[in-house]
Amino acid sequence: MTELDSARVAERIADLRADINRHNYHYYVLDAPTVPDAEYDRLLRELSTLEKDYPQFVSADSPTQRVGAKPVDSFKQVRHSVRMLSLDNAFDENELFSFDKRVRDKLSLNELAYAAETKLDGLAISLLYKRGELVQAATRGDGSSGEDVTLNVRTIKSIPLRLVGDDYPELLEARGEVFINKRDFAALNEKQSALGEKIFANPRNTAAGSLRQLDPKLTAERPLRFYAYGIGQISSTQTMPSMHTALLIQLKNWGLPVSPETKCVHGIQGCLQYYADIAARRAALPYEIDGVVFKVNDFAQQEKLGYVSRAPRWAVAYKFPPEEELTVVKNIDIQVGRTGALTPVARLEPVFVGGVTVTNATLHNEDEVRRKDVRAGDTVIIRRAGDVIPEIVAVVKDKRPANSPEFIMPERCPVCASATVKMEGEAVTRCTAGLFCPAQASQAIIHFASRRAMDIEGLGEKLVEQLFEAELVQNVADLYQLKLQQVAALERMGEKSAGNLLAALENSKRTELERFLYALGIREVGEATARTLARHFGSLDRIRTATQEMLEEVPDIGPVAAKNINGFFREEHNNLIIERLLAYGINWPALETKSEFLPLQGRTFVLTGTLASMSRDEAKQKLQQLGAKVSGSVSKKTDYVIAGEAAGSKLTRAQELGLKVLDEAGLVQLLQEYL
Ligand code: IVH
């Protein structure tokens, strides 16, 4: 190679590295990507090819050199030249007040400026840059010395291997937190599950475990991220900003990512406001936090305040109530639903988590219990984040009592003792007795009476069970035969409430065909399908007599739903009940038929949070296919809010407005009804 060629290659390599580093900076630090992923990959490939062909130009700070280091036998110990401290905690407002008072007294000031930050739930790391190049990364360890995890840290893409610009100090030790985003964590577990590998319990432990892998290739496969929140040592020649928040901006300008939630607040009021704001947005933040941190902003004031043993006097962590707790599974019960589905439910020693006392956690189905291997007597990690239903995250296997038997799904329905079945390809086990099973029959009545079905006011779960136990009703038609005296004689009822119930029953008789169809509780016929059927066929008789083929011709009704609908109306006892209902006077206005009908036409949906089974875009597309409008913001006009994992302010707004909220399972069910 001539010198000219060599110079050209070197120049191209330098350009590529500069481009890639710039894109990284925009992506990870400024959170404003400049190029599509494909273009980024192309640049990286070109650089990698050039470096392979001209190995004399490879350098340790090249963006290609993140992975590839060989596994180590153990980690070297690294002494921290400036101790890595911890934070004092405040668990309630009083403790925060005392902190602020202590600080103000010591400085003889009335009000202070604080740097307010989120308390990321990951692990602390120290990054040493010499002449702009990352030369060492170490864990906190005991504060005085930690482990050298440089090779692993080099694989974290948001950590620059080389600082940006040319005004960085000769020596800079940046400190911050390594963590995993919630969405990345969910995707990681999905991948693990697909590979039949172990499921990780939470992002924090996974981040910590990933950083302590002896083989950097394994670390590289984990979606680790980094935010800087301070410094350790720095060249003494460097002119330092006088405020912590200004230092963070400086770090950002040197290419280190800093949390966008960081700001300067004034006095205790400012602190409380920041805490409330972050608490309200906690579920919607992309990463897990366990509180907020307040640091006296002025470095001169920090110095005056100094340290006590292992924590600075100038900072405090104001913690949120924990979202995860340990508790014991007393038992695994089986609930039988309206469709006969057997749902295992863990009965728990009551535990206060995520702001409420939790006593039950659904285990969904047999596969789920198997996957988590939950058994009676187990100590489990229970999680309740935001408004998401509580779930068992994992079992603490070391605490399992000896000889505890594995969970098995009962072969007989626990309510009616009929055989149970699990269809091939289905996760659910069902009782085969249909409406002869009291659990299914009473659930069917509760469904029939519900607000979106026949809307029988005052007929809730408790009363249905009472009526059932008193053998006053066995099926939905019996409701309309109830006599005042019979109802009044029930416990906790009187003439007045009995009269109200009979009036509500009378009221419910005037309904709509689609409500009536939905109320019948045909499998796979939710509200939307009921509406489609009503509008397509226009009359109950036409639906009852439709063949399976005719049903399948209806847009958005699949073969399974068609089979269920057809099967339902071929069943003698179902027809008898329908005849009786009509004879008691249930009626609805006649409808015009529409053949081209989109079932979600005129409905507005808002999607929020993360969905596990599909991207938000996919969900949007599917909803639009069904005629729905998908909007970005929640208002009174919104019909449904779909709240995925970690849904935040939109969910809160929906709840304030009393809108209908569906979780992911609800969305999937809705889509399955049509697609
Ligand atoms: S400052 C001298 N700021 O919390 C101050 N720590 O409980 C030392 N953490 O070891 C730390 N977010 O791992 C600081 N914004 C933040 C933080 C933060 C999370 C972690 C860090 C530290 C632990 C102390």
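In what follows, the structure referred to is the one given above.
My aim in this report is to walk through the structure given alongside it, one point at a time. (Residues numbered from 1 in each chain as written. Predicted model: local features only at pLDDT ≥ 70, side-chain atom pairs only at ≥ 80, totals over all residues. Heavy atoms only, no water.)

This part takes up the site of the ligand. Residues in close proximity to the ligand total 15 residues, the closest being Glu117, Leu120, Glu177, Tyr229 and Lys295. Between an oxygen atom of the ligand and a side-chain N or O atom of Glu177, the distance comes to 2.6 Å. The fraction of the free accessible surface of the ligand (520 Å²) that becomes covered by protein chains is 86%. Where the shell around the ligand is concerned, the elements lending two or more residues are β3 (113–120) and β10 (289–296). A per-element tally of the shell around the ligand places β3 first, with four residues. Per-class residue counts for the shell around the ligand are eight nonpolar, two polar and five charged. (Near = heavy atom within 4 Å. Polar contact = N/O pair within 3.5 Å; in protein donor to acceptor, adjacent residues only side chain to side chain. Areas by Shrake-Rupley, 256 points an atom, 1.4 Å probe, with all protein chains shown as cover. Helix = DSSP H or I, 4+ residues; strand = E, 2+ residues; numbered from the N terminus. Nonpolar A, V, L, I, M, F, W, Y, C, P; charged D, E, K, R; others polar.)

Once that is clear, we can look at empty space enclosed by the protein. Overall, the coordinates contain one cavity of 30 Å³ or more when judged by the stated rule. In this structure, the largest cavity occupies an estimated 60 Å³ of space. Residue lining of the largest cavity: Glu117, Thr118, Leu120, Tyr227, Ala228, Tyr229, Leu248, Val258, Ser259 and Thr262, and that is the complete set. Elements represented by at least two residues in the lining of the largest cavity include exactly β3 and β8 (224–234). (1 Å grid on protein atoms, 1.4 Å probe; cavity = no way out; pocket = protein on both sides within 12 Å on 5 of 7 lines; lining within 4 Å. Points joined across faces, edges and corners; volume = space filled by probe spheres on them.)

Attention now goes to the packing of helix α12 (residues 438–449) against helix α13 (residues 461–469). The interhelical angle for the contact between α12 and α13, taken along N-to-C directions, is 130 degrees, at an axis separation of 9 Å. By the angle between their axes, α12 is oblique relative to α13. Considering only the axes of α12 and α13, their crossing is right-handed. Contacts between α12 and α13 involve Pro438, Ala441, Ser442, Ile445 and Ile446 from the former and Glu461, Val464, Glu465 and Phe468 from the latter. Grouping the constituent residues of the contact of α12 with α13 by class yields six nonpolar, one polar and two charged. (Axes fitted to C-alpha atoms, helices over the stretch in contact; angles between N-to-C directions. Parallel < 35°, antiparallel > 145°, perpendicular 65-115°, else oblique. Left-handed = near helix turned anticlockwise from the far one by under 90°. Contact = heavy atoms within 4.5 Å.)

Within a sheet, adjacent strands bond to each other through the backbone by hydrogen bonds, running parallel or antiparallel. Strand order in the open sheet formed by four strands is β22-β21-β23-β24, with parallel pairing between adjacent strands. Of all strands in the sheet, those bounded by a partner on one side alone are β22 (629–631) and β24 (660–662). Each strand axis lies, on average, 30 degrees off the axis of its neighbour in the sheet, ignoring direction. Across four bridges, the pairing between strand β21 (residues 604–608) and strand β23 (residues 640–643) is parallel. Among the inter-strand pairings, Leu607 is bridged to a residue of β23, identified as Ile642. (Pairing = 2+ DSSP bridges.)

Moving on: the sheet that holds strand β7 (residues 171–180). The four strands lie next to each other as β5-β4-β7-β8, forming an open sheet whose pairing is antiparallel. Of all strands in the sheet, those bounded by a partner on one side alone are β5 (133–139) and β8. Sheet twist, expressed as the average angle between the axes of neighbouring strands with direction ignored, equals 30 degrees. In terms of strand pairing, β7 meets β8 through eight bridges, oriented antiparallel. Across the sheet, the residue bridging to Ile180 is Leu224, located in β8. Sheet strands in contact with helix α8 (residues 244–253) are β7 and β8, and its direction is about 120 degrees off that of β8.

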